[in-house]
Amino acid sequence: MSAKPKHDLLVKLLLIGDSGASPAPAAHRSAPRQPAPHTSPPFSRAACRRRRPPPPPPAARRAGVGKSCLLLRYADDSFQSSFITTIGIDFKIKTIELNGKRVKLQIWDTAGQERFRTITTAYYRGAMGILLVYDVTDADSFENVRNWMRQIDQHATEAVNKVLVGNKCDAEEELRQVSAAQGEELAQSYGIKFFETSAKTGKSVDAAFTEIASDIQARLAESGGGGGGGGGGVVNIDDAAKPAKKGCC
Ligand SMILES: Nc1nc2c(ncn2[C@@H]2O[C@H](COP(=O)(O)OP(=O)(O)OP(=O)(O)O)[C@@H](O)[C@H]2O)c(=O)[nH]1
Ligand SMILES: [Mg+2]
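Sequence order sets the numbering: in each chain, residues are counted from 1 along the sequence as written. Here every chain gets a letter starting at A, and every ligand a number starting at 1, in the order they are written. Owing to the predicted nature of the model, reporting of local features is limited to residues with pLDDT of at least 70; listing and counting of side-chain atom pairs is limited to 80 or more, with chain, interface and lining totals taken over all residues. The basis for every side-chain value is the complete set of non-hydrogen atoms in the structure, without hydrogens or water.

Student: Looking at this structure, how should I read the site of ligand 1?
Tutor: By nearness alone, 26 residues border ligand 1, and Ser19, Lys67, Gln80, Thr85 and Asp170 come closest of all. Separating an oxygen atom of ligand 1 from a side-chain N or O atom of Lys67 is a distance of 2.7 Å. Counting of polar contacts relies on pairs of N or O atoms within 3.5 Å, with two restrictions inside protein: one atom must be capable of donating a hydrogen and the other of accepting it, and residues adjacent in sequence are counted only when both atoms are side-chain atoms. Separating an oxygen atom of ligand 1 from a backbone N or O atom of Lys200 is a distance of 3.2 Å. When ligand 1 sits alone it has 650 Å² of accessible area, and the protein chains cover 93% of it. By residue class, the composition of the shell around ligand 1 is nine nonpolar, 12 polar and five charged. Neighbouring residues are identified by heavy atoms, a residue being near a molecule or strand if any of them is within 4 Å of it. Areas reported here follow the Shrake-Rupley algorithm with a probe of radius 1.4 Å; residue values treat only the protein chains shown as occluding. Amino acid classes used here: Ala, Val, Leu, Ile, Met, Phe, Trp, Tyr, Cys and Pro are nonpolar; Asp, Glu, Lys and Arg are charged; the rest, including Gly, are polar.

Student: Mind showing me how you'd approach the pattern of salt bridges here?
Tutor: Pairs can form between side chains of opposite charge whenever their charged atoms are close. Salt bridges are identified by distance alone: a Lys or Arg side-chain nitrogen within 4 Å of an Asp or Glu carboxyl oxygen. Under the counting rule described, the total for this entry stands at eight salt bridges. Notably, a salt bridge pairs Arg176 with Glu196, separated by 2.7 Å at the nearest N-O pair. With Arg176 in the loop between strand 5 (161-167) and helix 6 (180-190) and Glu196 in strand 6 (residues 193-196), the pair connects residues that are 20 residues apart, well separated along the chain. The pair formed by Arg176 and Glu196 is uniform in burial state, with each residue classed as buried. The salt bridge involving Glu211 is made with Lys193; its shortest N-O contact spans 2.6 Å. Of this pair, Glu211 sits in helix 7 (residues 205-222) while Lys193 sits in strand 6, and the two are 18 residues apart along the sequence. For Glu211, a relative accessible area of 30% translates into the label partly exposed. With relative accessibility at 33%, the residue Lys193 sits in the partly exposed group. Residues joined in a network through salt bridges with shared partners are Glu173, Arg176 and Glu196. Numbering goes from the N terminus for both helices and strands, where a helix is a DSSP run of H or I of at least four residues and a strand is a run of E of at least two. When accessible area is computed with a 1.4 Å probe and restricted to protein chains, residues below 20% of their type maximum are described as buried, those above 50% as exposed, and intermediate ones as partly exposed.

Student: What's the story with the pairing of strand 1 (residues 9-17) in this structure? I'm lost.
Tutor: Moving residue by residue along a regular strand, the side chains alternate between the two faces of the sheet. By the criterion of burial, strand 1 is predominantly enclosed, with nine of the nine residues buried. Burial of strand 1 is two-sided: the residues Leu9, Val11, Leu13, Leu15 and Gly17 facing one way and the residues Leu10, Lys12, Leu14 and Ile16 facing the other way are all buried. When DSSP finds two or more bridges between two strands, those strands count as paired. For strand 1 and strand 3 (residues 101-110), the ladder comprises seven bridges, and the chain directions are parallel. Residue pairing in the sheet places Val11 in a bridge with Leu105 of strand 3. Relative to strand 4 (residues 129-135), strand 1 is paired through five bridges, and the arrangement is parallel. Within the sheet, the bridge partner assigned to Leu15 lies in strand 4 and is Leu131.

Put into structure tokens, the structure is as follows:
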């Protein structure tokens, strides 16, 4: 067996953002309500069936924002078109060369579903960088960015680096619900960098991961390269909890 390649720095990144499989974090979600029936309650199963709204067409159903697919694209350069929601948390490792140093990225892919929130938020504290992902074809996922930001404020360390990622930018123009300008503006309001990516085509995926890793590297160098809790320093992979279950992609 060959020896493991050496690295100069181990950086822990976290991917967060909505899952189509459930509502987003804490705050309200503008769940579409069915209008109340105008008539008195149904008296028969047939009447009930008639009033039940048809299921949304596949195109209208929400999918995840693409966290697992972004990770799959970045780490393995492939894409999965079917939606398999992540259960709990998963991770992949990728080692890159950054400014003359070998940087090992330990990238944690969280489940966007509310029911895994206790597991996933436990990983925020050790994160050195967070990629907050929304889907440019899903305005709700964009609106929820502020709720995810609140989660970061509550659970991550203050120094954590963040980037905002608008994924699925390959989508046809008529499917787009969030413009690049809106994404840019929101990122600016938080003072963080913004990328529009496509896990499908690979557009800007490398750039988003490389940029945040580079910013973390610079931050650590400035602060003496060392400790300072989860927001900085080297994370020992052996100390990290193992994923609950393998997830998507
Ligand atoms: N067109 C397009 N579809 C994408 C892209 N990225 C992901 N998808 C699709 O979006 C769906 C959801 O992707 P996932 O990566 O599983 O989403 P997720 O954010 O990990 O979702 P959870 O694990 O439930 O939180 C899948 O059907 C993907 O094929 C993209 O860049 N472009
Ligand atoms: Mg996933």
